[in-house]
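# Structural features, examined
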Amino acid sequence: QVQLVESGGGLVQPGGSLRLSCTASGFTLDDWAIGWFRQSPGKEREGVSCISGSDDTTYYADSVKGRFTISRDNAKNTVYLQMNSLKPEDTAVYYCATDLEVIVTNRGVHGAFGYWGQGTQVTVSS
């Protein structure tokens, strides 16, 4: 059964760093696109970053570009989101998602993600 589990969230001061992990089970992550999304109360879900399953092409939302880095470790069946220079507006529940049919370019993402994790809370506050 396809399953994604996020970890690594927590409370951090503005300017601090966190590394989120998304570990897959029930399938091999190598060929699947992985996306990170976030949602805070009263706001719509926002796409944060994505990495392709074919050639590791990456995409970043303008709001996180230069601060966040997505990477893949196929040996561990895990995708990471390194978050640096965190701001209070980064506070949200962060979700990872995956699908075989999503196309990723450095300018955007096309398609819908069919499999989602349960999320991990990130709080940025002084």
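Residues numbered from 1 in each chain as written. Predicted model: local features only at pLDDT ≥ 70, side-chain atom pairs only at ≥ 80, totals over all residues. Heavy atoms only, no water.

### Here we look at the side chain of Ser-21
Formally: Helix and strand definitions follow DSSP, with helices as H or I runs of at least four residues and strands as E runs of at least two, each counted in order from the N terminus. In what follows, a contact means two residues having at least one pair of non-hydrogen atoms within 4.5 Å.
Summarising the element assignment, Ser-21 is placed in strand β3 (residues 18-25). Setting aside residues up to four positions removed in sequence, Ser-21 forms contacts with Val-5, Glu-6, Ser-7, Trp-36, Thr-78, Val-79 and Tyr-80.

### Points about the pattern of salt bridges
Worth spelling out the cut-off: Salt bridge, as used here, is a side-chain nitrogen of Lys or Arg placed within 4 Å of a carboxyl oxygen of Asp or Glu.
Counted according to the given criterion, the structure contains five salt bridges. Notably, a salt bridge pairs Lys-65 with Asp-62, separated by 3.3 Å at the nearest N-O pair.

### Comments concerning the layout of surface pockets
Where empty space is left in the structure can be found by rolling a water-sized probe over the atoms. Filter applied, for reference: Of the grid points, spaced at 1 Å and generated over the protein atoms alone, those admitting a 1.4 Å probe that cannot get out make up cavities, while open sets with protein on both sides within 12 Å along at least five of seven lines make up pockets; any residue with an atom within 4 Å of a point is treated as lining. Grid points are joined across faces, edges and corners, and a volume is the space filled by probe spheres set on the points. Charged residues are taken to be Asp, Glu, Lys and Arg, nonpolar residues to be Ala, Val, Leu, Ile, Met, Phe, Trp, Tyr, Cys and Pro, and polar residues to be all remaining types, Gly included.
Its boundaries defined by the atoms lining it, the largest pocket holds a volume of some 160 Å³. What lines the largest pocket is a set of 14 residues, among which Arg-38, Ser-40, Lys-43, Glu-46 and Glu-89 lie closest to the centre. Residue composition of the lining of the largest pocket, grouped by class: two nonpolar, four polar and eight charged.

### Side note on the state of the cysteines
Where we set the bar: Note that a disulfide, as used here, is simply two cysteine sulfur atoms within 2.5 Å. Each residue is placed in one exposure class: buried if its accessible area under a 1.4 Å probe, protein chains only, is under 20% of its type's maximum, exposed if it is over 50%, and partly exposed if it falls in between.
Within this structure, the stated rule accounts for one disulfide. Residue Cys-22 pairs covalently with Cys-96 via a disulfide, S to S 2.1 Å. Because the torsion about its S-S bond is 70°, the bridge between Cys-22 and Cys-96 counts as right-handed. Pair noted here: Cys-22 is in strand β3 and Cys-96 is in strand β9 (residues 92-99), with a separation of 74 residues, a long-range link. With relative accessibility at 0%, the residue Cys-96 sits in the buried group. You can see Cys-50 has no disulfide; the closest cysteine sulfur is in Cys-22, sitting 11 Å from it. For Cys-50, a relative accessible area of 2% translates into the label buried.

### Here's the deal with the pairing of β9
For clarity, the cut-off: Paired strands, as defined in this entry, are two strands with at least two bridges between them according to DSSP.
In terms of residue burial, β9 counts as a mostly covered element, since six of its eight residues are buried. Here strand β4 (residues 33-39) pairs with β9 via seven bridges, running antiparallel. Note on β9: the bridge partner recorded for Trp-36 is Cys-96. Pairing analysis gives three bridges linking β9 to strand β13 (residues 120-124), with the strands arranged antiparallel. Within β13, the residue paired with Ala-92 across the bridge is Val-122.

### A closer look at unusual backbone geometry
Unusually for a residue other than glycine, Asp-56 sits at a positive phi of about 60°. Position of Asp-56 relative to the elements: it lies in the loop between β5 (46-51) and β6 (58-60). A relative accessible area of 40% means that Asp-56 is categorised as partly exposed. The phi dihedral of Asn-77 falls on the positive side, at around 55°, and the residue is not glycine. Position of Asn-77 relative to the elements: it lies in the loop between β7 (68-73) and β8 (78-83).

### A closer look at the pairing of β13
Burial along β13 is one-sided: the face carrying Thr-120, Val-122 and Val-124 is buried and the face carrying Gln-121 and Thr-123 is not. Two strands pair when backbone bridges link them, and strand β2 (residues 10-12) and β13 are joined in this way by three bridges, in the parallel orientation. Paired with Val-12 across the strands is Val-124, a residue of β13.

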